[in-house]
Amino acid sequence: MKQIFVLLLFCLSAPCLLIAQEQIHVVTKKINESYNYREDYEVNIEGDRAEVYIQPNLENKILIDIEVIAKHPNQEQAEKDVEKMATIVKRLKNKIYIRNYLDAEEKSEAQLKVIYRITVPAQCPVYIKNAYGVAEVDNLTNSVKINSKFSHVSLQGLTGNMDLFTRYGDIYGQSLSGNATIASHRTDMILKDIEGTYNIDAAYGNIQIYASAGLLDLNLDAEKSQVMLFNPDLSSFRYDLTTVSTPTLLPEGMDFEITQPEPNVQRIQYTPNNEYFPSFSVKVTFGTLQVQKSSKVKRP
Amino acid sequence: MSTEKQNQLIRQAISELPDYQAPEQLWPQISEQLDIDQKERLIQRQLAQLPDYHPPETVWTEIAEGLAKAPPKNTWLRLVRQPLTWAASFLLLFSLYWLVTQSQGPEVSYTYTTQAESQWLLESDWDADEADFAEVVQLHQRYLRTFDDQSAASLQEEFDELNTAREEIKETLDRYGKDQELIRQLAAIERARTQIVNQMAQQI
Amino acid sequence: MTESELIDACLENDRIAQRDLYERYSKAMYTIAYRMAGEQDLAADILQEAFIKVFRSLAKFRRESTLGAWIKTIVVRTALSKLKKQPKFDELPPTDGSESGSWGDFLEAEYLEKAIQSLPTGYRTVFLLIEVEGYAHKEVAELLGITVGTSKSQLYYAKKKLRQIITKLLEI
């Protein structure tokens with residue numbers, strides 16, 4: 001038994017022994033800045049290889065923490081390369097500009113990235129432009145605009161206006177309430193527990209939408225995408241679904257009116273008996289569409 | 001004299017017309033012009049190959065600052081500018097004092113640590129299959145020229161788009177160093193490209 | 001985003017849209033500015049001033065031409081005014097230098113670029129606007145405040161001078 005245990009231990013540790021581990025020097029340049037908030041202030045962030053995290057604070061201030069991180073086996077190289085990443089934090093009238101960039105002619109031997117941790121009053125509008133990174137925004141109440149490329153976008157607990165323009169990467173949204181406009185290209189998307197009105201234009205993505213009772217209107221135009229709509233209360237919504245060469249799966253037990261105005265085109269409609277009802281207007285072209293019941297989501 | 005006779009005389013005279021020698025400097029001039037034409041062709045060909053240049057990043061910062069400032073004031077305001085400037089100076093001095101005490105500019109500090117990192121992160125093999133891909137794409141393009149197939153054209157467009165995305169990420173990897181997240185993104189694009197190349201192979 | 005949507009967003013002072021528009025055109029416009037100015041700092045100044053003008057007068061863009069063409073006109077005019085004076089037009093054709101001598105079958109872009117940068121300002125401006133940027137003589141005449149005839153003759157002499165410079169560069 002003991003021999004088996006030793007053998008097992010050896011087998012488990014052997015792979016670790018086989019992987020060569022290298023010591024990497026990590027040089028972190030930290031930049032801190034703060035501004036007293038005024039009612040008309042906005043925060044504009046333009047990140048390149050940046051992770052942007054934005055949360056609300058109760059201090060009526062805009063607090064900015066930036067870390068520029070360079071990793072290289074040679075410390076001197078890491079120190080040299082961390083300085084190649086230019087960062088700008090500036091206030092011009094009512095706009096706070098925060099940027100980082102590597103000059104077009106520069107290259108870094110070290111692995112370089114930037115992390116922004118920014119807290120703002122909840123009602124402060126935020127505009128983010130980012131590439132090859134992360135944008136996470138939580139619990140703001142006014143306006144969030146994001147233009148991202150190859151980035152992971154996460155929005156939680158937002159109310160107000162949301163405007164997203166994304167290429168590649170993915171979007172995760174939870175407990176959103178307001179008016180959202182999303183234009184995405186090759187971006188996978190999960191929106192959970194959403195309320196308000198949503199206009200989504202998507203191409204080449206996997207799109208999952210979990211509606212809640214507060215969803216008033218969903219207009220979705222999805223090309224070459226896989227679309228899944230989840231609804232806890234299927235029959236209380238109006239459905240106007242148009243599919244073009246798109247296999248479709250509908251929930252059972254509902255009296256959908258299905259017509260075929262042209263070959264390969266299906267129009268699927270359902271109107272509830274209630275006086276007022278929210279609606280799904282969905283068009284999917286050369287993709288797949290699935291509508292099904294989900295479990296009810298309780299808001300905190 | 002009959003017309004026939006006249007024509008005969010004319011024909012005879014024509015056959016006796018002398019030849020003339022071209023001036024000696026003519027061929028060098030023609031040769032020079034041919035030479036110039038050849039040089040012009042080389043220049044025109046290369047005009048299309050001239051590189052583009054990237055502006056420095058600071059230009060956008062300056063533009064943003066410029067847009068934040070008000071545009072030039074109207075004429076009547078220029079007349080009262082001097083007295084207003086004097087009055088504003090005092091206010092400005094006071095504001096500057098207030099601003100300085102409010103914001104001293106960003107604080108900068110440095111930390112130094114080490115960490116262990118796995119070597120297998122660093123292998124760059126994403127160009128290994130390019131020759132095979134190129135072969136399929138070339139055959140598919142020939143197919144497209146022959147059959148003008150809409151779905152085939154669509155595949156080519158998708159492939160071009162993914163190629164552009166691939167080049168963008170590779171450039172970023174080159175400039176910013178190798179990073180797990182970027183490599184994952186690149187892998188996803190490679191998978192999508194592979195799928196398209198497989199579809200192309202089925203079509204041809 | 002379509003061009004029209006981008007313009008509308010810029011008119012609403014959306015900084016992200018403005019940055020987008022700048023990024024779409026900055027490389028091409030900087031290239032024009034750099035070739036006209038002959039130096040990077042001046043080219044950056046030209047680009048900055050031109051784009052501020054673009055955003056401030058975007059409401060006047062009538063969408064009859066492409067946005068790129070409209071922006072290019074602003075960049076070219078800004079470059080010309082930044083160069084401070086009307087390009088000097090030589091009264092006499094260039095006589096110095098020889099353009100005889102073979103170049104072989106291939107001319108490297110690097111030599112051509114160097115040669116263009118070596119042209120006197122007036123010749124360089126006309127050459128760039130017509131041969132590189134594709135303006136017609138009538139448009140160049142209007143931009144530079146000269147006659148069509150002068151534009152044509154200046155282009156002729158610019159090309160002659162260019163050939164001389166290239167021949168000299170290739171001899172080295």
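Here the structure is a predicted model, which is why all the values come from computation and not from measurement. (Residues numbered from 1 in each chain as written. Chains lettered and ligands numbered in written order. Predicted model: local features only at pLDDT ≥ 70, side-chain atom pairs only at ≥ 80, totals over all residues.)

Comments concerning the overall build of chain B
On a plain count of helices and strands, chain B comes out with eight helices and one strand. Helices and strands in chain B line up, N terminus first, as α-α-α-α-α-β-α-α-α. (Helix = DSSP H or I, 4+ residues; strand = E, 2+ residues; numbered from the N terminus.)

Quick word on the overall build of chain A
A count of helical and extended segments in chain A gives two helices and 22 strands. Burial status across chain A gives 39% buried among its 300 residues. (Buried ≥ 20, exposed ≤ 12 C-beta atoms within 10 Å, placed from the backbone.)

Some thoughts on helix H8 (residues 180-203) of chain B
All names here are of chain B. The first and last C-alpha atoms of H8 sit 35 Å apart over 24 residues, in line with the 34 Å expected at 1.5 Å per residue. Residues of H8 that are buried include every one of Leu 182, Gln 185, Leu 186, Ile 189, Ile 196, Val 197 and Met 200, and no others. Considering only its buried residues, H8 is in contact with helix H6 (130-147) and helix H7 (150-176). (Expected span 1.5 Å × (residues − 1). Contact = placed C-beta atoms within 7 Å.)

Let's talk about the nonpolar core
Core analysis: the largest hydrophobic core is formed by 121 residues, its most contacted members being Val 43 and Val 126 of chain A together with Ala 33, Leu 47 and Val 75 of chain C. Here this core takes 11 residues from helix H2 (residues 15-37) of chain C, the largest share from any one element. Not counting residues within four places of it along the chain, the set of residues in contact with Val 126 of chain A comprises Val 43, Ile 54, Val 120, Val 137, Leu 140 and Val 144 of chain A. By size, the runner-up hydrophobic cluster in this structure holds 14 residues, among which are Tyr 132 of chain A together with Val 137, Ala 165 and Ile 169 of chain B. (Core = buried A, V, L, I, M, F, W, Y, C linked by C-beta atoms within 7 Å.)

Digging into the interface of chain B and chain A
The interface is formed by 35 residues belonging to chain B together with 39 residues belonging to chain A. Every element with two or more residues in the side of chain B that touches chain A is listed here: helix H3 (58-68), strand S1 (107-118), H7 and H8 of chain B. The dominant element in the side of chain B that touches chain A, judged by the number of residues it contributes, is S1 of chain B, at 12 residues. Looking at side-chain class alone, the side of chain B that touches chain A contains 13 nonpolar, 14 polar and eight charged residues. (Nonpolar A, V, L, I, M, F, W, Y, C, P; charged D, E, K, R; others polar.)

Points about the pairing of strand S12 (residues 159-167) of chain A
Residues and elements named next belong to chain A. Pairing analysis gives seven bridges linking strand S10 (residues 143-149) to S12, with the strands arranged parallel. Residue pairing across strands places Asn 147 opposite Phe 165, the latter belonging to S12. Relative to strand S13 (residues 170-185), S12 runs parallel, the two being bridged by nine bridges. Looking across to S13, one finds that Asp 163 is bridged to Thr 181. (Pairing = 2+ DSSP bridges.)

Concerning the interface of chain A and chain C
Taken together, the contacts link seven residues of chain A with four residues of chain C. Elements represented by at least two residues in the side of chain A that touches chain C include exactly strand S2 (42-48), strand S8 (126-131) and S10 of chain A. When its residues are assigned to classes, the side of chain A that touches chain C shows two nonpolar, two polar and three charged.

Side note on helix H2 (residues 75-82) of chain A
Looking at H2 of chain A, one finds that the buried residues are Ala 78, Asp 81 and Val 82 of chain A. Looking straight down H2 of chain A, one finds its buried side chains confined to an arc of 100°; they lie on one side. (Arc of directions from axis to C-beta.)

A closer look at the packing of helix H7 (residues 137-144) of chain C against helix H8 (residues 148-171) of chain C
Geometrically, a packed helix pair is captured by the angle between its two axes and the distance between the axes. Residue and element names in this part refer to chain C. Two elements in contact, H7 and H8, have axes separated by 8 Å at closest approach and are oriented at 105°. Classified by the angle between their axes, H7 and H8 sit roughly perpendicular to one another. Every residue of H8 that contacts H7 at His 137, Lys 138, Val 140 and Ala 141 is listed here: Val 148, Ser 151 and Lys 152. Tallied by class, the residues present in the contact of H7 with H8 amount to three nonpolar, two polar and two charged. (Axes fitted to C-alpha atoms, helices over the stretch in contact; angles between N-to-C directions. Parallel < 35°, antiparallel > 145°, perpendicular 65-115°, else oblique.)

A look at the packing of helix H3 (residues 40-56) of chain C against helix H4 (residues 67-82) of chain C
Residues and elements named next belong to chain C. Close contact between H3 and H4 brings their axes to 9 Å; oriented N to C, the two are set at 130°. Taken together, H3 and H4 sit at an angle that is classed as oblique. The crossing of H3 and H4 is right-handed. Across the interface between the two elements, Leu 42, Asp 45, Ile 46, Glu 49, Ala 50, Lys 53 and Val 54 from H3 touch Ile 71, Ile 74, Val 75, Thr 78, Ala 79 and Lys 82 from H4. By residue class, the composition of the contact of H3 with H4 is eight nonpolar, one polar and four charged. (Left-handed = near helix turned anticlockwise from the far one by under 90°.)

A few points about the confidence of the model for chain B
Residues and elements named next belong to chain B. In the predicted model, chain B carries a mean pLDDT of 78, and 82% of its residues have values of at least 70. Within chain B, helix H4 (residues 75-79) has the poorest average pLDDT of any element, 59, and H3 the best, 86. Interface confidence in the predicted complex, given as ipTM, is 0.72; pTM for the same model is 0.62. (pLDDT = per-residue confidence, 0-100.)

Section: the pairing of S8 of chain A
Side-chain positions along a regular strand alternate between the two faces of the sheet. All names here are of chain A. Counting buried residues in S8 gives five out of six residues, a clear majority hidden from the surface. As paired elements, S8 and S10 share six bridges and run parallel to each other. Counted as the bridge partner of Lys 129 is Asn 147 from S10.

As for the environment of Leu 234 of chain A
All names here are of chain A. Summarising the element assignment, Leu 234 is placed in the loop between strand S16 (226-231) and strand S17 (238-244). Taking C-alpha positions, Leu 234 is 8.4 Å from Pro 251, a pair spaced 17 residues apart along the chain. When near neighbours in sequence (up to four residues on either side) are disregarded, Leu 234 contacts Pro 251, Met 254 and Lys 293.

Focus on the environment of Glu 106 of chain A
Residues and elements named next belong to chain A. Mapped onto the fold, Glu 106 is located in the loop between strand S6 (95-102) and strand S7 (111-121). Judged by the 14 C-beta atoms lying within 10 Å of it, Glu 106 is partly exposed. Measuring from C-alpha to C-alpha, the distance between Glu 106 and Lys 84 comes to 7.3 Å, with 22 residues separating the pair along the chain.

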